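Notes for the structure review
Here is how the chains run, residue by residue.
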Amino acid sequence: MLRFDDLQLFVRAADLGSLSAAARVMDLSPAVASAALKRIEQQLGARLLARSTRSLRLTAEGEGFLEYARAALGSLDEGRRLLASGQDHVSGVLQLSAPSDFGRNQLLPWLDEFQRDYPQLSVRLLLGDRIADLFRQPVDIALRYGEPEDSSLIALPVAPQNVRVLCAAPSYLARHGEPRHLEQLAQHNCLLYMLGSRVHDHWSFHDGKRDVSLTVSGDRFSDDADVVRRWAVAGVGIAYKSWLDVSTDVLAGRLRVILPELRGERTPLNLLCAHRAQLSKPINLLREMLVSRCATLTAQWPDRVSST
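The notes below deal with the structure included here.

What counts as what
- Residues numbered from 1 in each chain as written.
- Predicted model: local features only at pLDDT ≥ 70, side-chain atom pairs only at ≥ 80, totals over all residues.
- Heavy atoms only, no water.
- Axes fitted to C-alpha atoms, helices over the stretch in contact; angles between N-to-C directions.
- Helix = DSSP H or I, 4+ residues; strand = E, 2+ residues; numbered from the N terminus.
- Parallel < 35°, antiparallel > 145°, perpendicular 65-115°, else oblique.
- Contact = heavy atoms within 4.5 Å.
- Nonpolar A, V, L, I, M, F, W, Y, C, P; charged D, E, K, R; others polar.
- Buried < 20%, exposed > 50% of the residue type's maximum accessible area, 1.4 Å probe, protein only.
- Polar contact = N/O pair within 3.5 Å; in protein donor to acceptor, adjacent residues only side chain to side chain.
- Pairing = 2+ DSSP bridges.

**Quick notes on the packing of helix H1 (residues 4-16) against helix H3 (residues 30-44)**
- Relative to each other, H1 and H3 sit at 105°, their axes nearing to 9 Å. Put simply, H1 runs roughly perpendicular to H3. Judged by residue contacts, Asp6, Leu7, Leu9 and Phe10 of H1 engage Ala33, Ala36, Leu37, Arg39 and Ile40 from H3.
- Residues belonging to the contact of H1 with H3 are distributed by class as follows: 7 nonpolar, no polar and 2 charged.

**Topic: the environment of Phe205**
- Along the chain, the position of Phe205 falls in strand S10 (residues 202-206).
- Once the C-alpha coordinates of Phe205 and Gly264 are considered, the two residues, 59 residues apart in sequence, prove to be 4.6 Å apart.
- Ignoring any residue separated from it by four or fewer positions in sequence, one finds Phe205 in contact with Leu166, Leu182, Arg210, Asp211, Val212, Leu214, Tyr240, Leu262, Arg263 and Gly264.

**Topic: helix H8 (residues 243-252)**
- Buried residues dominate H8, accounting for 7 of its 10 residues.
- The set of residues buried in H8 consists of Trp243, Leu244, Asp245, Val246, Ser247, Asp249 and Val250.
- Residue Ser242 occupies the N-cap position of H8, its side-chain oxygen lying 3.2 Å from the main-chain nitrogen of Leu244.
- At the exit of H8 stands Gly253, carrying a positive phi of roughly 90°.

**Examining the sheet that holds strand S6 (residues 154-159)**
- On the basis of which strands lie adjacent, the open sheet formed by 5 strands has the order S4-S3-S5-S16-S6 and mixed pairing. With partners counted over all chains shown, the strands left at the sheet margins are strand S4 (121-127) and S6, one partner each. Geometrically, the sheet is characterised by an average inter-axis angle of 25° between neighbouring strands, direction not taken into account.
- Pairing analysis gives 2 bridges linking strand S3 (residues 92-98) to strand S5 (residues 141-145), with the strands arranged parallel. Opposite Ser97, over in S5, you have Ala142 as the bridge partner.

**Re the side chain of Lys241**
- Relative to the elements of secondary structure, Lys241 occurs in strand S13 (residues 239-242).
- Its relative accessible area of 5% is what places Lys241 among the buried residues.
- Leaving out residues up to four positions away in the same chain, Lys241 has contacts with Asp101, Val163, Arg164, Val165, Ala225, Val228, Arg229 and Val246.

**So, unusual backbone geometry**
- The phi angle at Asp27 is positive, at roughly 60°, despite the residue not being glycine.
- Locating Asp27 in the fold gives a position in the loop between helix H2 (19-25) and H3.
- The class of Asp27 is exposed, set by a relative accessible area of 71%.
- One non-glycine residue, Leu259, lies in the positive phi region at around 50°.
- Topologically, Leu259 is positioned in the loop between strand S14 (256-258) and strand S15 (263-264).

**So, the pairing of strand S16 (residues 269-273)**
- Extensive coverage of S16 is indicated by the burial of 5 of its 5 residues.
- Here S6 pairs with S16 via 5 bridges, running antiparallel. Note that in S16 the partner of Ala159 across the bridge is Leu269.

**Thoughts on the sheet that holds strand S7 (residues 164-168)**
- Spatially, S13-S7-S14 is the arrangement adopted by the 3 strands of the open sheet, whose pairing is antiparallel. Taken across any chain shown, the strands that pair with only one partner, and hence form the sheet edges, are S13 and S14. Ignoring which end each strand starts from, the neighbouring axes of this sheet average 55° apart.
- Alignment of S7 against S14, held across 3 bridges, turns out to be antiparallel. Within S14, the residue paired with Ala168 across the bridge is Arg256.
- H8 contacts S7, S13 and S14 of the sheet and is inclined by roughly 110° relative to S13.

Next up, the structure:
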């Protein structure tokens, strides 16, 4: 098969009337250029250029082949331009999976704005807290909290500094009092989240010097993280949630951060995909938007802590 760079060298040499001049333009050594010309002539079974120490001219075969070489290079350039224009044009179907709470309460309005910016883009959104099988399910990417258990997946950070926070509605705290020490959580109704058969009732923190944790209990749990947030807003208990999931509620006053001096578990949000080839322009643009929006929310956490 003829090589693209060999064709380029032949056309340049014909245009410049010199193999050495063509080599300089293409940043090749004379020996490499000579080998390339020899290779293309051997593949074609014809001599294309008649060379002497002082001159170079096209043979009859070379003159006939030059037209086709130019056309082939032109077609390849046109193909590259079409691909480039297609990559600049944001359209098609974006298929993604996201956690239930983050998906409903943060991602949905962001996706609305994203589609207003790129109206020819369609979105297929699957919400759920189980990790999507990116090799089998009809999704291109998944947004998930925590580090991926499957090491074969590509994980790109979206909100690496995200943490969990203790929070409750002002109405709940007015009725039951606000815990001042971690151990006092044992006296409160803690809203529990479960994934699969595992109930997340072991809550861990860092007090600035060491890791501290305790096992909590409550009268309700759900496998839908958004349900846990709704219970907290309704004032029925204390939740231990990702800051990204409850930041809007906290900033609006529907929830209050409890024991803000304790640092909750780190809960990074990552964008997962099976192959880097799936990182199309729409996905990269979406990730840029998500990183920016999540950074804005994360930056508001210290300010809120200092005011509570």
